[in-house]
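Spelled out, the chains give:
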Amino acid sequence: NAGVTQTPKFQVLKTGQSMTLQCAQDMNHEYMSWYRQDPGMGLRLIHYSVGAGITDQGEVPNGYNVSRSTTEDFPLRLLSAAPSQTSVYFCASSQVFSFSGGQYFGPGTRLTVL
Amino acid sequence: EDQVTQSPEALRLQEGESSSLNCSYTVSGLRGLFWYRQDPGKGPEFLFTLYSAGEEKEKERLKATLTKKESFLHITAPKPEDSATYLCAAGVGGATNKLIFGTGTLLAVQP
């Protein structure tokens, strides 16, 4: 199994540009989530999904959109990039309603917005 | 407001010098306390889940414990390869599951 994969690994955007961060998992996990990690702030939940067709907002959803058309994929869209969105983004997955095995995290995408 | 606080922010140990990392939490409806290890440039790696006060979990030189207000990650006789950032997170419940993360403890073990 590849686990959780994320693309791209690095990205530089200009203010106002849009892009999609890709996330895929091959563990048949129902629960998927997106976090951003900033120095001194810890990991903060952006959006999450408990299954295909079901998404909800996390702690810091503004400026981001998600959709979940399949169990495997959970892309994160930046609608109009801003410098405040410069961060490292992690996708994670786990079984729904049970974190006993922990969440599996992808390797991250490092995004810089100029 | 749900909150997780870790201390210290950074810890430097000599190889073989045992110590503990602290994670205090204030959440409603705790659905597990989680410990992760994060190496530079990588995603967090799951270590332990604790569900009830008094519970303990062990893995190699690491042992995690849980009380009603905090969790400890005890590191016994650490080695340089234990150097990493250790994150704790509280699972909060209701109909959905979310993790509230602390800011982590950066551990450096010197040979």
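As a reminder, the structure under discussion sits directly above these lines.
### Things to note about the overall build of chain B
Alright, step 1. The helix and strand tally for chain B stands at 0 helices and 11 strands.
Alright, step 2. Going from the N terminus to the C terminus, chain B shows its helices and strands as β-β-β-β-β-β-β-β-β-β-β.
Alright, step 3. For a compact globule of 111 residues, the expected C-alpha radius of gyration is about 13 Å, and chain B comes in at 14 Å, within 12% of that figure.
Alright, step 4. Taken over the C-alpha atoms alone, chain B extends approximately 45 × 30 × 20 Å along its principal axes.

### Points about the interface of chain A and chain B
Alright, step 1. Taken together, the contacts link 20 residues of chain A with 20 residues of chain B.
Alright, step 2. The interface formed by chain A and chain B contains 0 salt bridges.
Alright, step 3. There are 2 residue pairs in polar contact (both at pLDDT 80 or more) connecting chain A and chain B.
Alright, step 4. Looking at the side of chain A that touches chain B, the elements that each hand over two or more residues are strand S4 (31–38) and strand S5 (42–51) of chain A.
Alright, step 5. The element contributing the most residues to the side of chain A that touches chain B is S5 of chain A, with 4 residues.
Alright, step 6. Its residues assigned to classes, the side of chain A that touches chain B shows 11 nonpolar, 9 polar and no charged.

### Considering the pattern of salt bridges
Residues and elements named next belong to chain A.
Alright, step 1. For the structure shown, the criterion picks out 6 salt bridges over all chains.
Alright, step 2. In this structure, the salt-bridge partner of Arg44 is Asp38, at a minimum N-O distance of 2.9 Å.
Alright, step 3. Judged by relative accessible area, which is 16%, Arg44 ranks as buried.
Alright, step 4. Salt bridges here are not isolated pairs; linked through shared partners, they connect Arg36, Asp38 and Arg44.

### Remarks on the pairing of strand S6 (residues 54–57) of chain A
Residue and element names in this part refer to chain A.
Alright, step 1. Judged from the 3 bridges that link them, S5 and S6 form a sheet pairing that is antiparallel. Paired with Tyr48 across the two strands is Asp56, which belongs to S6.
Alright, step 2. Connecting S5 to the next strand, S6, in antiparallel fashion are 2 residues, including Gly53 with a positive phi near 85°.

### Things to note about the nonpolar core
When a protein is soluble and globular, its nonpolar side chains tend to lie buried together.
Alright, step 1. Residues Leu33, Trp35, Leu73 and Tyr86 of chain B are the most contacted members of the largest nonpolar core, which totals 24 residues.
Alright, step 2. Ranked by the residues each element gives to this core, the list is headed by strand S9 (residues 84–92) of chain B, at 5 residues.
Alright, step 3. Residue contacts for Leu73 of chain B: discarding those within four places in its chain leaves Ser19, Ser20, Leu21, Trp35, Phe48, Leu62, Lys63, Ala64 and Tyr86 of chain B.
Alright, step 4. Membership of the second largest hydrophobic core comes to 19 residues, among which are Val4, Met19, Leu78 and Tyr89 of chain A.

Parameters at a glance
- Residues numbered from 1 in each chain as written.
- Chains lettered and ligands numbered in written order.
- Predicted model: local features only at pLDDT ≥ 70, side-chain atom pairs only at ≥ 80, totals over all residues.
- Heavy atoms only, no water.
- Helix = DSSP H or I, 4+ residues; strand = E, 2+ residues; numbered from the N terminus.
- Rg over C-alpha atoms; globule rule 2.2 N^0.38 Å.
- Contact = heavy atoms within 4.5 Å.
- Salt bridge = Lys/Arg side-chain N within 4 Å of Asp/Glu carboxyl O.
- Polar contact = N/O pair within 3.5 Å; in protein donor to acceptor, adjacent residues only side chain to side chain.
- Nonpolar A, V, L, I, M, F, W, Y, C, P; charged D, E, K, R; others polar.
- Buried < 20%, exposed > 50% of the residue type's maximum accessible area, 1.4 Å probe, protein only.
- Pairing = 2+ DSSP bridges.
- Core = buried A, V, L, I, M, F, W, Y, C linked by side-chain atoms within 4.5 Å.

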